[in-house]
Amino acid sequence: MKAALLLGLAALQTAVPAVSEAKMVELPRGEVRPLYLTKDSPLTPVAAFFLDRLPVTNAEFAHFVSQHPTWQAGQAPALFVESQYLSHWLGADGRPSPEQQQQAVTHVSWYAANAYCQAQGKRLPTVSEWEYAAQASELSANGSKEAGYTQRILAWYAKPATAQLPNVGQSPANFWKIQDLHGLVWEWTQDFNTALVTGESRGDSSLDQGLFCGSAAAGSADPSDYAAFMRYGFRSSLKAPYTLGNLGFRCAQDSPELQDSPEPQKSLEQAKTAKEPLSNQAQGGS
């Protein structure tokens, strides 16, 4: 079964459709500060890339699994998904209900999200790409210094998870015309397990659990540190088969600019080496 699934994943990459301008936006090359947004943090170069404007919805993922039965609930091997995989779909025949169609898909593993993106001729965004896109406010490419910007993000972190998600596209678009990077669901990234914070499981006692308390973070003297740390800490707690009710994804795609830009190409190739989660993390902890 595992061999057949891996062959199927390879087949998904044979056809690469053109980028849909309606669903994706191209971001120019730039730089992002990893983990902590301080002046002393090293800058990471980010090559130009395309990113989905919105998270993948239940309707879009349901269409994918209808075309790729291996990824239907009850069919995907336990090696790649937890038992809660797509368990939130409440419609007939294990499909999303009408109310769920335009909500962000959750209860999907890294493997399932990666397979979906490959089927579209895309890929999951790297951590650096996601952070680069997500640091934009509504008014600028980097809103980290704007009054109230980080507090709005932390306000969402402080809210308890809810079983009823709003439809995608309800939040204001940021500077890049991308929506729902904050305030809706956490999102898988291609190299989520390269985060600087490490942990062997969700309950790792070596992590200071107080750092992940949104209400505590909201009162921090430097809340930007907490917002970034919480994202990296959350990613570090993940394993590739996890199927959480507040974790979704969106897809990315390389930009043609990479063909004429050796240095960004090098950066992307380095990122691609982490495309598949490290075996000791994907199977034992991430």
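Here the structure is a predicted model, which means the values were calculated and not measured.

1. Let's talk about the overall build of the protein
Alright, step 1. Per the secondary structure count, the protein includes 9 helices and 7 strands.
Alright, step 2. Counting across all 286 residues of the protein, residues that qualify as buried make up 50%.
Alright, step 3. Look at the contacts in the protein between residues 6 or more apart in sequence, and 77% of them connect residues 24 or more apart.

2. Some remarks on the environment of A113
Alright, step 1. Considering the arrangement of structural elements, one finds A113 in helix α3 (residues 110–119).
Alright, step 2. The class for A113 is buried, based on a relative accessible area of 0%.
Alright, step 3. A sequence separation of 127 residues divides A113 from A240, and the C-alpha atoms of the two residues are 9.9 Å apart.
Alright, step 4. Setting aside residues no more than four positions away along its own chain, A113 makes contact with L124, W188 and F249.

3. Structural notes on the pattern of salt bridges
Alright, step 1. Applying the stated rule across the entire model yields 7 salt bridges.
Alright, step 2. A salt bridge links D254 to R123; the nearest nitrogen and oxygen atoms lie 2.9 Å apart. Residue D254 is located in strand β7 (residues 252–254), and its partner R123 is located in the loop between α3 and α4 (127–134); the two are separated by 131 residues in the primary sequence.
Alright, step 3. What makes D254 partly exposed here is its relative accessible area of 27%.
Alright, step 4. A residue is classified by how much of its surface remains accessible, and R123, at 6% relative accessible area, is buried.

4. With respect to the sheet that holds strand β1 (residues 24–27)
Strand pairing in a sheet takes place through backbone hydrogen bonds and is either antiparallel or parallel in direction.
Alright, step 1. Strand order in the open sheet formed by 3 strands is β1-β4-β7, and the pairing between neighbours is antiparallel. Looking at the sheet topology across the chains shown, the edges are occupied by β1 and β7. Strand after strand, the sheet turns through a mean of 25° between neighbouring axes, direction not considered.
Alright, step 2. When strand β4 (residues 49–52) meets β7, the two strands line up antiparallel, connected through 3 bridges. From the neighbouring strand, F49 faces β7, where its bridge partner is D254.
Alright, step 3. Each of β1, β4 and β7 touches α4; the most contacted strand, β4, lies at about 70° to it.

5. Observations concerning the packing of helix α2 (residues 58–67) against α3
Alright, step 1. At a minimum axis distance of 11 Å, the contact between α2 and α3 shows a crossing angle of 80°. Here α3 runs roughly perpendicular to α2, going by the angle between their axes. Each of E60, F61 and F64 in α2 lies in contact with α3, whose residues at this interface are A112, A115, Y116 and A119.

6. Considerations on the packing of aromatic side chains
Alright, step 1. Enumeration according to the criterion identifies 14 aromatic pairs in this entry.
Alright, step 2. Between F61 and F249 the ring centres are 6.2 Å apart and the planes differ by 80°, which places this aromatic pair in the edge-to-face class. Within this pair, whereas F61 is found in helix α2, its partner F249 is found in the loop between β6 (247–248) and β7, the two being separated by 188 residues in sequence. Of the two residues, F61 and F249, neither departs from the other in class, the shared state being buried.
Alright, step 3. Relative to F80, the ring of W71 lies with its centre 6.5 Å away and its plane at 45°, an arrangement referred to as tilted. This pair shows no difference in class: W71 is buried, exactly as F80 is.
Alright, step 4. Taken together, the ring pairs connect F61, F64, W89, Y116 and F249 into an aromatic cluster.

7. A closer look at the confidence of the model for the protein
Alright, step 1. A residue-level look at the protein finds 67% of positions with pLDDT of 70 or above and a mean pLDDT of 76.
Alright, step 2. This stretch, residues 196–221, has a pLDDT under 50; its non-local contacts, to residues over four places away or in other chains, come to 43 contacts.
Alright, step 3. Across residues 259–286, confidence stays below pLDDT 50; counting only partners more than four residues off in sequence or on other chains, it has 54 contacts.

8. Digging into the environment of R231
Alright, step 1. By secondary structure assignment, the location of R231 is in helix α7 (residues 223–236).
Alright, step 2. Residue R231 is classed as buried on the basis of its relative accessible area of 7%.
Alright, step 3. C-alpha separation for the pair R231 and Y157, spaced 74 residues apart in sequence, amounts to 9.6 Å.
Alright, step 4. Side chain to side chain, R231 and E131 meet in a polar contact 2.9 Å long.

9. Topic: the state of the cysteines
Alright, step 1. What the rule picks out here adds up to 1 disulfide.
Alright, step 2. Disulfide pairing places C117 opposite C251 at an S-S distance of 2.2 Å. The sign of the S-S torsion, about -90°, decides the handedness of the disulfide formed by C117 and C251: left-handed. In this pair, C117 sits in helix α3 while C251 sits in the loop between β6 and β7, placing the two residues 134 residues apart along the sequence. With respect to class, C117 is no different from C251; both count as buried.

Definitions and cut-offs
Residues numbered from 1 in each chain as written. Predicted model: local features only at pLDDT ≥ 70, side-chain atom pairs only at ≥ 80, totals over all residues. Heavy atoms only, no water. Helix = DSSP H or I, 4+ residues; strand = E, 2+ residues; numbered from the N terminus. Buried < 20%, exposed > 50% of the residue type's maximum accessible area, 1.4 Å probe, protein only. Contact = heavy atoms within 4.5 Å. Salt bridge = Lys/Arg side-chain N within 4 Å of Asp/Glu carboxyl O. Pairing = 2+ DSSP bridges. Axes fitted to C-alpha atoms, helices over the stretch in contact; angles between N-to-C directions. Parallel < 35°, antiparallel > 145°, perpendicular 65-115°, else oblique. Phe/Tyr/Trp six-rings, centres within 6.5 Å; stacked < 30°, edge-to-face > 60°. pLDDT = per-residue confidence, 0-100. Polar contact = N/O pair within 3.5 Å; in protein donor to acceptor, adjacent residues only side chain to side chain. Disulfide = S-S within 2.5 Å.

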